[in-house]
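Commentary on secondary and tertiary structure
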Amino acid sequence: MPRTTPNHPRTPRARAAWIVTVTLAGLLTGAAWAQATAPLRVVTTTAMVADTVREVGGACADVVHLMGPGIDPHLYRASAGDVDRLGRAELIVHNGLGLEGQLGAVLDRLGSRVPTLALAEAAAEAAAAGASADADAALLDGEDDYAGRADPHLWLDAELWSHAAAAAADAIAALRPDCGDGVRAQAAAYAERLLALDAWATASVAAVPEARRTLVTSHDAFRYFGRAYGLAVHGVEGISTESEASIADIRATADLVLATGVPAIFVESTISPRTIEAVLAAARDRGGEVAIGGSLYGDAMGEAGTPEGTLIGMLRHNVITIVTALGGQVAPWPDALADWAAAWNLP
Ligand SMILES: [Zn+2]
């Protein structure tokens, strides 16, 4: 991470303001001083990454993201405006591990002149450092079209993603040293909330009868989720959505639905429901009693200004939808997240 120094003020007026600010800084506490400096301009790819950086950065970071609700990151192409926005950022944060498949070349090119953090990769490294294993142990290997590469969908494992908070804090602190203590404290608090969410998700999925703990979705976004919370997972499409589901994929998924007897399969917010509807029709044709259990947030969050427009809310929605449709009962919401729920007027 390159270090930066504050720009020298170019005009006399700016210079005077700068001197006042620097003088005041001696009188201010660390938190107040952090707010007195300009927020770091951060541009992220996905909204999950943006939410994490916002939670950690607070007033120290001004965060915008390129990919809104319903946008598939595997297929997303940068517009001229996006390239311009990324080029003017002080820090670019993307997921990495090939998630933003079509953006790879743009990110590589900009990475030589704009500080850039691949947050999922950093989270895996931090998780591995804490567990005295290597980063590969935290990451799942890809399959089929994604063979030889790591699965990028880390944010769906709240414990694993909790390590992203410290990585985001380090990147902000490197560019805004005065923010260091504040963002590290916020990262620790956010990681605690993610760990509470993780424990709740584990307890909730454990209430699903064991024979029904199979999660069938549009594409393979949920392998980390399944590993973390104890569900076998099967996506009709592979880890990336870059190649479309074939008739054989649909038939194989219908076979699996019939063999396991799962009562529900799930569509995803970024993917056309047609493939899951085809699986449903194929399974029902052969006597299967199966329904669509709801829509999950795999590769994008919900609308901004709703609970599902946050990482905690997207995971909460997924757990409630999956556990309920598979015949389990959701665990009591954790006390550590009572404030979060109250802020959204949720029980
Ligand atoms: Zn995906």
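Cut-offs and rules
Residues numbered from 1 in each chain as written. Predicted model: local features only at pLDDT ≥ 70, side-chain atom pairs only at ≥ 80, totals over all residues. Heavy atoms only, no water. Helix = DSSP H or I, 4+ residues; strand = E, 2+ residues; numbered from the N terminus. Areas by Shrake-Rupley, 256 points an atom, 1.4 Å probe, with all protein chains shown as cover. Axes fitted to C-alpha atoms, helices over the stretch in contact; angles between N-to-C directions. Parallel < 35°, antiparallel > 145°, perpendicular 65-115°, else oblique. Contact = heavy atoms within 4.5 Å. Nonpolar A, V, L, I, M, F, W, Y, C, P; charged D, E, K, R; others polar. Core = buried A, V, L, I, M, F, W, Y, C linked by side-chain atoms within 4.5 Å. Buried < 20%, exposed > 50% of the residue type's maximum accessible area, 1.4 Å probe, protein only. Domains from an automatic or database assignment. Pairing = 2+ DSSP bridges. Donors = N, O, S within 2.8 Å, 3.2 Å for Na, K, Ca; no water. Disulfide = S-S within 2.5 Å. pLDDT = per-residue confidence, 0-100. Salt bridge = Lys/Arg side-chain N within 4 Å of Asp/Glu carboxyl O. Arc of directions from axis to C-beta. Phe/Tyr/Trp six-rings, centres within 6.5 Å; stacked < 30°, edge-to-face > 60°. Lys NZ or Arg CZ within 6 Å of the ring centre and 35° of its normal.

1. Observations concerning the overall build of the protein chain
On a plain count of helices and strands, the protein chain comes out with 14 helices and eight strands. When the accessible surface of the protein chain is summed, it comes to about 15600 Å², and 53% of that surface belongs to carbon and sulfur atoms.

2. Examining the packing of helix α3 (residues 47-57) against helix α9 (residues 180-206)
Running from amino to carboxyl end, α3 crosses α9 at an angle of 125°, the nearest separation of the two axes being 7 Å. If you check the angle between α3 and α9, you find them oblique. When α3 is examined against α9, the residues D51, T52, E55, V56 and G57 are found in contact with a partner set consisting of V183, Q186, A187, Y190 and R193. Partitioning the contact of α3 with α9 into residue classes produces four nonpolar, three polar and three charged.

3. Thoughts on the nonpolar core
Of all hydrophobic cores here, the largest spans 78 residues; its most connected members are L154, W161 and L311. Considering every element that reaches this core, the biggest residue donor is helix α8 (residues 158-175), with twelve residues. Counting contributing residues per domain, this core is built from domain 1 (12-192) and domain 2 (200-343), each supplying no fewer than three. Within the second largest apolar cluster, 13 residues are counted, among which are V216, I276, V279 and L280.

4. Some thoughts on the sheet that holds strand β1 (residues 40-44)
The strand order across the open sheet formed by four strands is β2-β1-β3-β4, and the pairing between neighbours is parallel. In this open sheet, the two strands that pair with only one neighbour each are β2 (61-65) and β4 (116-118). Strand-to-strand, the axes of this sheet are offset by a mean angle of 20°, without reference to chain direction. Where β1 lies against strand β3 (residues 91-94), three bridges are found, and the strand directions are parallel.

5. Some remarks on the coordination of the zinc ion
Bound to the zinc ion on the protein side are H74 (NE2), H153 (NE2), H219 (NE2), D299 (OD) and D299 (OD), at distances that span 2.0 to 2.7 Å. Summarised as a motif, the one-chain spacing of the donors to the zinc ion is H-x78-H-x65-H-x79-D. With a gap of 66 residues between them, H153 in the loop between α7 (135-138) and α8 and H219 in strand β5 (residues 214-219) connect regions that are remote in the sequence. We note that H153, like H219, is buried.

6. Focus on the packing of helix α6 (residues 119-130) against α8
Contact geometry of α6 with α8 gives a least axis separation of 7 Å together with a crossing angle of 105°. For the element pair α6 / α8, the angle class is roughly perpendicular. Residues L119, A120, A122, A123, A126 and A127 of α6 lie in contact with α8, whose contacting residues are L160, W161, H163, A164, A167 and A168. Within the contact of α6 with α8, the residues separate by chemical class into eleven nonpolar, one polar and no charged.

7. Focus: the state of the cysteines
The full count for this structure, using the stated rule, is one disulfide. Across the disulfide from C60 sits C179; the S-S distance is 2.1 Å. Because the torsion about its S-S bond is -90°, the bridge between C60 and C179 counts as left-handed. In this pair, C60 is assigned in the loop between α3 and β2 and C179 in the loop between α8 and α9, connecting sequence segments 119 residues apart.

8. Brief notes about the confidence of the model for the protein chain
One rule of thumb: low pLDDT means the predicted coordinates there are not for detailed reading. Overall, the predicted model of the protein chain reaches an average pLDDT of 90, with 88% of residues at or above 70. Counting interchain partners and residues more than four positions distant, the pLDDT-below-50 stretch residues 1-28 has 18 contacts.

9. Some details on the pattern of salt bridges
Enumeration according to the criterion identifies nine salt bridges in this entry. With a closest N to O distance of 3.0 Å, D84 and R88 form a salt bridge. In this structure, R176 engages E90 in a salt bridge whose closest nitrogen and oxygen atoms are separated by 3.2 Å. Here R176 is found in the loop between α8 and α9, whereas its partner E90 is found in the loop between α4 (80-87) and β3, with 86 residues between them in sequence. The structure contains a network of salt bridges with shared partners spanning R41, E90 and R176.

10. Digging into helix α5 (residues 104-111)
Looking only at α5, the buried set comprises V106, L107 and L110. The arc that holds every buried residue of α5, seen down its axis, measures 95°, which confines them to one face. Exposed and oriented more than 90 degrees from the buried face of α5 are A105, D108 and R109. In this structure, the buried residues of α5 make contact with α4 and β3.

11. Quick notes on the packing of aromatic side chains
As enumerated under the stated definition, the model contains five aromatic pairs in all. Judged by centre distance (4.8 Å) and plane angle (80°), the rings of W200 and W333 are edge-to-face. On the criterion of sequence distance, the pair formed by W200 in helix α9 and W333 in the loop between α13 (311-325) and α14 (338-343) is long-range, its members being 133 residues apart. Comparing W200 with W333 shows no difference in burial state: the two are buried. Residues W333 and W340 carry aromatic rings whose centres are separated by 5.8 Å and whose planes lie at 45° to one another, so their mutual orientation is tilted. Exposure remark for W340: the relative accessible area of 11% places this residue in the buried category. One aromatic cluster is present, formed by W200, W333, W340 and W344 through successive ring pairs. The aromatic ring of Y146 is capped on one face by R149, whose charged end is 3.9 Å from the ring centroid. Stacked on the ring of W333, the Lys or Arg R316 has its end atom at 5.4 Å from the ring centre.

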